[in-house]
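What follows is the residue order along each chain.
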Amino acid sequence: MKPKIIRIISFSLIAFFHLIFLVALILEKKNAFPISFLLILFLFLTTVTYYKAPLIHEEHFIEDFIAIVFVTLGAISTYSVTHYLKTGPVLAAGIIGTMASFIPTINRESRLFKLAPASIYCGCFVGMSHHDVAPNYSFIIIAGVITGLFMVISKGVFHGFGGKLGTIAFGGVAFTSFLLFLLY
Amino acid sequence: MFIEKLIIVCFGIIGALLTYIINTKLKQGPVRASALSALLVGGFFYLFPSVLSEHLTNNIPVVFIGGSFIGMVSSRIISNYWLITFSGIIFSFFYINTSDFFNGYGGALGTAACISILATLSIPILTKKRKVTNGILILRKLLYRKK
């Protein structure tokens, strides 16, 4: 597939995730006028940035497919720490993320190790899901793989943006929930 | 109640600024900056759960890690501390008013952080001075000559 098409697909996916997130919040707060007004204002401001800011980066194409493994590992480990050590999602993500951030120091030349921190931390966000949304490991593994795929294709968009990994994880978890809702 | 909300907003801003400083000034990279600060705050409230009220103990680590996602932004995109602070305020607004939505889905905090950054980035775009075109320059010249 052409790099341009990949970038357009991943850009549209992230924009779609932002849109459904904001629309869900606006609908939730439709009776509270000041809050829904501010949410609509943020939707407008976000749209301005979408049009004007350079969010697509021609110099990047796709991530290595091994990122899918890292994301899934990050998700499983965070989910395990949260639920078995009863640490809560924030501390679990902090522990796994901090450990992951030191992986490149094992071998500074390795391209694989350089990829690990961001991918594992992205997986952490999937693993932070509540038990009601992610009831078992099957869900976490499926969500991890889908999030990993989103991460692979989204290398060329939103490079260096805070919250990009979280948006991808949100997309992966929401998509998996939707998929399971259709199947069962 | 208002004080508790104010404390939550403050922690959202502190999370963003602290992570940004560790990320860009101390050059530790975005992942370590965010995870380490979340580890410190999460660890503190895990070890000392009764220092603050139950509401704050439950919410401060979550709003802090959410704010830390803002601080993961590259200095090439945002290099102004005021814009980071403003993003933190927007994020805290999202968190306070829509906390029901954050309970389930992993990544919701990151999505709110990303939207906060995008909304903040529109400010420099909207307030940027328009380029002075050649036509306007000629018009100015004519006006000054008349004087």
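Analysis parameters
Residues numbered from 1 in each chain as written. Chains lettered and ligands numbered in written order. Predicted model: local features only at pLDDT ≥ 70, side-chain atom pairs only at ≥ 80, totals over all residues. Heavy atoms only, no water. Helix = DSSP H or I, 4+ residues; strand = E, 2+ residues; numbered from the N terminus. Rg over C-alpha atoms; globule rule 2.2 N^0.38 Å. Buried < 20%, exposed > 50% of the residue type's maximum accessible area, 1.4 Å probe, protein only. Contact = heavy atoms within 4.5 Å. Areas by Shrake-Rupley, 256 points an atom, 1.4 Å probe, with all protein chains shown as cover. Lys, Arg positive; Asp, Glu negative; His and termini not counted. Charge placed at Lys NZ, Arg CZ, Asp CG, Glu CD. Core = buried A, V, L, I, M, F, W, Y, C linked by side-chain atoms within 4.5 Å. Buried area = accessible area lost by both parts, 1.4 Å probe. Salt bridge = Lys/Arg side-chain N within 4 Å of Asp/Glu carboxyl O. Polar contact = N/O pair within 3.5 Å; in protein donor to acceptor, adjacent residues only side chain to side chain. UniProt positions renumbered as here; feature names shortened; annotations may be inferred. Phe/Tyr/Trp six-rings, centres within 6.5 Å; stacked < 30°, edge-to-face > 60°. Lys NZ or Arg CZ within 6 Å of the ring centre and 35° of its normal. pLDDT = per-residue confidence, 0-100.

S.K.: Explain the overall build of chain A here, please?
M.R.: In terms of regular secondary structure, chain A is built from seven helices and zero strands. Its helices and strands in sequence order give chain A the pattern α-α-α-α-α-α-α, from N to C terminus. Taking 184 residues into account, the globule formula puts the C-alpha radius of gyration at 16 Å, and chain A, at 17 Å, falls close to it. Once the C-alpha set of chain A is aligned to its principal axes, its extents read approximately 50 × 40 × 30 Å. Expressed as a percentage of the 184 residues in chain A, the buried residues total 52%. In chain A, of all internal contacts separated by at least 6 residues, the share reaching a separation of at least 24 is 75%. Roughly 8900 Å² of accessible area belongs to chain A as shown, and the carbon and sulfur atoms make up 72% of that amount. Counting 12 positive and 7 negative side-chain charges, chain A places the averaged centre of each group 4 Å from the other.

S.K.: When you look at the nonpolar core in this model, what are you seeing that I'm missing?
M.R.: Most often, soluble globular proteins have nonpolar side chains that are buried together. Counting 85 residues, the largest nonpolar core has Tyr121 and Phe158 of chain A together with Ile65 and Phe94 of chain B as its most contacted members. No other element matches helix H6 (residues 108–127) of chain B, which puts ten residues into this core. Those residues in contact with isoleucine 65 of chain B, other than ones at most four positions away along the chain, are Val90, Ala93, Tyr121 and Met128 of chain A together with Ala38 and Leu109 of chain B.

S.K.: Just to check I follow, could you spell out the interface of chain A and chain B for this structure?
M.R.: For interface size, the figure often reported is the accessible area lost on association. The partner chain B presents 47 residues to the 56 residues of chain A that form the contact. Across the chain A to chain B interface the summed buried area is about 4200 Å²; carbon plus sulfur atoms make up 79%. The largest contributions to the chain A side of the interface with chain B come from Phe21, Val90 and Tyr121 of chain A, which together make up 15% of the buried area. Linking chain A to chain B there are zero salt bridges. Taken together, the links from chain A to chain B amount to nine residue pairs in polar contact (both at pLDDT 80 or more).

S.K.: Where do I start with unusual backbone geometry in this structure?
M.R.: One can expect most non-glycine residues to show negative phi and most peptide bonds to be in trans. Phi at phenylalanine 158 of chain A takes a positive value of approximately 55 degrees, unusual for a residue other than glycine. The residue phenylalanine 158 of chain A is located in the loop between helix H6 (137–153) and helix H7 (164–183) in this model. Look at lysine 27 of chain B: it is not a glycine, yet its phi comes out positive at around 50 degrees. Relative to the helices and strands, lysine 27 of chain B resides in the loop between helix H1 (2–25) and helix H2 (30–47). Judged by relative accessible area, lysine 27 of chain B falls into the exposed class, the value being 67%.

S.K.: Quick question: what am I supposed to make of the UniProt feature "transmembrane region" (unreviewed entry) in chain A here?
M.R.: All names here are of chain A. Annotation from UniProt places "transmembrane region" (unreviewed entry) at residues 5–27, 33–53, 65–82, 88–105, 137–158 and 165–183. Summarising residues 5–27: 100% helix, 0% strand, and an end-to-end C-alpha distance of 32 Å. Summarising residues 137–158: 77% helix, 0% strand, and an end-to-end C-alpha distance of 30 Å.

S.K.: Which parts of the structure should I look at to understand the packing of aromatic side chains?
M.R.: For any pair of aromatic rings, the description rests on two quantities: the centre-to-centre distance and the angle between the ring planes. Summed over the entire model, instances satisfying the criterion amount to 21 aromatic pairs over all chains. Taking 6.4 Å as the distance between ring centres and 75 degrees as the angle between the ring planes, the aromatic pair formed by tyrosine 121 of chain A and phenylalanine 69 of chain B counts as edge-to-face. Pair noted here: tyrosine 121 of chain A is in helix H5 (residues 111–127) and phenylalanine 69 of chain B is in helix H3 (residues 54–71), and the two residues belong to different chains. With relative accessibility at 2%, the residue phenylalanine 69 of chain B sits in the buried group. Of the aromatic side chains, those joined through ring pairs into one cluster are Phe21, Phe42 and Phe170 of chain A together with Phe93, Phe94 and Tyr105 of chain B. In this arrangement the basic side chain of arginine 32 of chain B is found over the ring face of phenylalanine 102 of chain A, its NZ or CZ atom lying 3.9 Å from the centre.

S.K.: Looking at this structure, I do not really get the UniProt feature "transmembrane region" (unreviewed entry) in chain B. What am I missing?
M.R.: UniProt records the feature "transmembrane region" (unreviewed entry) for residues 6–23, 35–52, 81–98 and 104–126 of chain B in the present numbering. Between the C-alpha atoms that bound residues 6–23 of chain B the distance is 26 Å, and the span itself is 100% helix and 0% strand.

S.K.: Would you explain the confidence of the model for chain B in this entry?
M.R.: Parts of the prediction with low pLDDT should not have their coordinates interpreted in detail. With 84% of its residues at a pLDDT of 70 or more, chain B shows a mean pLDDT of 85. For this predicted complex, the interface confidence score (ipTM) comes to 0.90, while the overall pTM stands at 0.88.

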